[in-house]
Amino acid sequence: EEVRRCGYTAELKIDGAAVSLTYQDGVLATGATRGNGTIGEAVTPNLRTIRAIPLRLHAAEGRPAPVGTLEIRGEVYMPFSGFERMNEERVRTGEPVFANPRNAAAGALRQLDPRITAARPLRFYGYAVARPEGAPPLPFATQWELLETLAAWGIPVAPHRRRCATLAEVHAWAHEIERTVRPTLDFAIDGGVVKV
């Protein structure tokens, strides 16, 4: 019954470096790699250099930005076009080239000098939110509403997402992504994620 009412949210699975952004009263407080899922590496100064990551969340649809502690999870990635330009520049300066955009993005986040991170063509997409136990409820009931709210707050969310009412619609979306969309993307994906 609940699945029929809410359906499914189909999203691209971005091939990047997983990060968690902690906002306090709508202001970016800390950022970390997700490491092993429990312990990550604090990289706040480096994440602050990524223009796609807002330092302050916007009010959404007439509502104020969220208050209290809010963790936004997502992926930092490097577009193919930026990766190619960066490697061309490295060849010109005699530096070794990077093997792939994912490793280049992860390495950029771990730089000791945030100016090096800032010079890399990094982007970010958010896809999940967590709150500490006992915090007020979040302003959404479904994954689709979560993504729409993230976008309204100023957090970039991946394109080509779709709300599907049936598994047949999910399969049609997956077929479209694999056959038509994937070859046109300027970033790597591992496939798709479907959430109930």
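That block above? That's the structure.
The rules behind the values
- Residues numbered from 1 in each chain as written.
- Predicted model: local features only at pLDDT ≥ 70, side-chain atom pairs only at ≥ 80, totals over all residues.
- Heavy atoms only, no water.
- Pairing = 2+ DSSP bridges.
- Helix = DSSP H or I, 4+ residues; strand = E, 2+ residues; numbered from the N terminus.
- Axes fitted to C-alpha atoms, helices over the stretch in contact; angles between N-to-C directions.
- Contact = heavy atoms within 4.5 Å.

Turning next to the sheet that holds strand 5 (residues 123–130). Reading across the sheet, the 4 strands line up as 3-2-4-5 and stay open at both edges, with antiparallel pairing between neighbours. Because the sheet does not close on itself, it has two edges, and the strands there are strand 3 (27–33) and strand 5. Averaged over all pairs of adjacent strands, the angle between their axes in this sheet comes to 30 degrees, without regard to strand direction. Strands in contact with helix 6 (residues 143–153) are strand 4 (69–77) and strand 5; relative to strand 5, the strand with the most contacts, it is inclined by about 130 degrees.

Another point: the sheet that holds strand 1 (residues 8–14). Whenever strands of a sheet pair, they do so through backbone hydrogen bonds, lying parallel or antiparallel. Within the open sheet, the 3 strands sit side by side as 6-1-7. Their pairing is antiparallel. Where the open sheet ends on each side, the last strands, each with one partner, are strand 6 (162–164) and strand 7 (189–195). Mean inter-strand twist for the sheet, computed between neighbouring axes without regard to direction, equals 30 degrees. With 3 bridges connecting them, strand 1 and strand 6 associate as antiparallel partners. In the sheet register, Thr 9 faces strand 6, and the bridge partner there is Arg 163. Across the face of the sheet, helix 6 comes into contact with strand 1, strand 6 and strand 7 while running at roughly 55 degrees to strand 1. Relative to strand 1, helix 7 (residues 167–181) is tilted by about 25 degrees, and along the sheet it contacts strand 1, strand 6 and strand 7.

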